[in-house]
Amino acid sequence: MGAEPGEDDYVYDEVRDEWISAREAAAAPRPVKGVRDAVGNLLSDGDSVTLVKDLKVKGANQTLKRGALIKSIRLTDDDQEIDCRCEGIKGLVLRAEFVRKV
């Protein structure tokens, strides 16, 4: 059965870089995880993004230019990759660090 943390229990908080009581740790809000773009905006399915740098596409002999608009992205299981479509390229996967939310 789940026991409530006691007063003598301590855990290490990596964010604050110190030991805190287990009760304080249980009550603290957890950071929101998710896919973030190049400037830190939280991305979600269906968002539109623009490229922040020119990217050569492997296997397509094509370069996606900086500022290109990509509509309707889909998030993947990897928190640094997004799935998208671009003209002439099917199954394109981009790193989130190379896009900015519109």
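Predicted, not measured: the structure shown is a model, and the values here were computed from it. Per chain, residues are indexed from 1 in the order of the written sequence. For this predicted model, a pLDDT threshold of at least 70 governs which residues receive local features, and a threshold of 80 or more governs which side-chain atom pairs are given and counted, while totals over whole chains, interfaces and linings are taken from all residues. In computing side-chain values, all of the structure's heavy atoms are included and hydrogens and water are not.

Visitor: Explanation requested: the pairing of strand β9 (residues 89-95) in the structure shown.
Guide: It is a general feature of regular strands that their side chains alternate between the two faces of the sheet. Alignment of strand β8 (residues 81-86) against β9, held across five bridges, turns out to be antiparallel. Bridge pairing in β9 places C84 opposite L92. Counted along the chain from β8 to the antiparallel partner β9, the turn is two residues long, and its residue G88 has a positive phi close to 80°. A pair of strands is considered paired only if DSSP assigns at least 2 bridges between the two. Helix and strand definitions here come from DSSP, where helices need a minimum of 4 consecutive H or I residues and strands a minimum of 2 consecutive E residues; each element is numbered from the N-terminal end.

Visitor: How do you make sense of the pairing of strand β2 (residues 18-21) when you look at a structure like this?
Guide: Looking at chain direction, strand β1 (residues 10-13) and β2 are connected through four bridges and run antiparallel. Considered in β2, the bridge of D13 is made with E18. In this structure, the hairpin formed by β1 and β2 is closed by a connection of four residues, where D17 is found at a positive phi of approximately 60°.

Visitor: Where do I start with the environment of I89 in this structure?
Guide: With respect to the helices and strands, the residue I89 is situated in strand β9. Taking the C-alpha atoms as reference, I89 lies 8.9 Å from V57; in sequence the two are 32 residues apart. It only takes one pair of heavy atoms within 4.5 Å for two residues to be counted as in contact. In this structure I89 touches V57, Q62 and L64, once residues within four positions along its chain are discounted.

Visitor: What is the right way to read the pattern of salt bridges from this model?
Guide: When their charged atoms lie close together, side chains carrying opposite charge are able to pair. By definition here, a salt bridge exists when the distance from a side-chain nitrogen of Lys or Arg to a carboxyl oxygen of Asp or Glu is within 4 Å. Evaluated as defined, the whole model comprises six salt bridges. We note a salt bridge from R16 to E24, for which the minimum N-O separation is 2.9 Å. A salt bridge links R95 to E97; its shortest N-O distance comes to 3.3 Å. Each residue is placed in one exposure class: buried if its accessible area under a 1.4 Å probe, protein chains only, is under 20% of its type's maximum, exposed if it is over 50%, and partly exposed if it falls in between. Assessed through its relative accessible area of 33%, R95 is described here as partly exposed.

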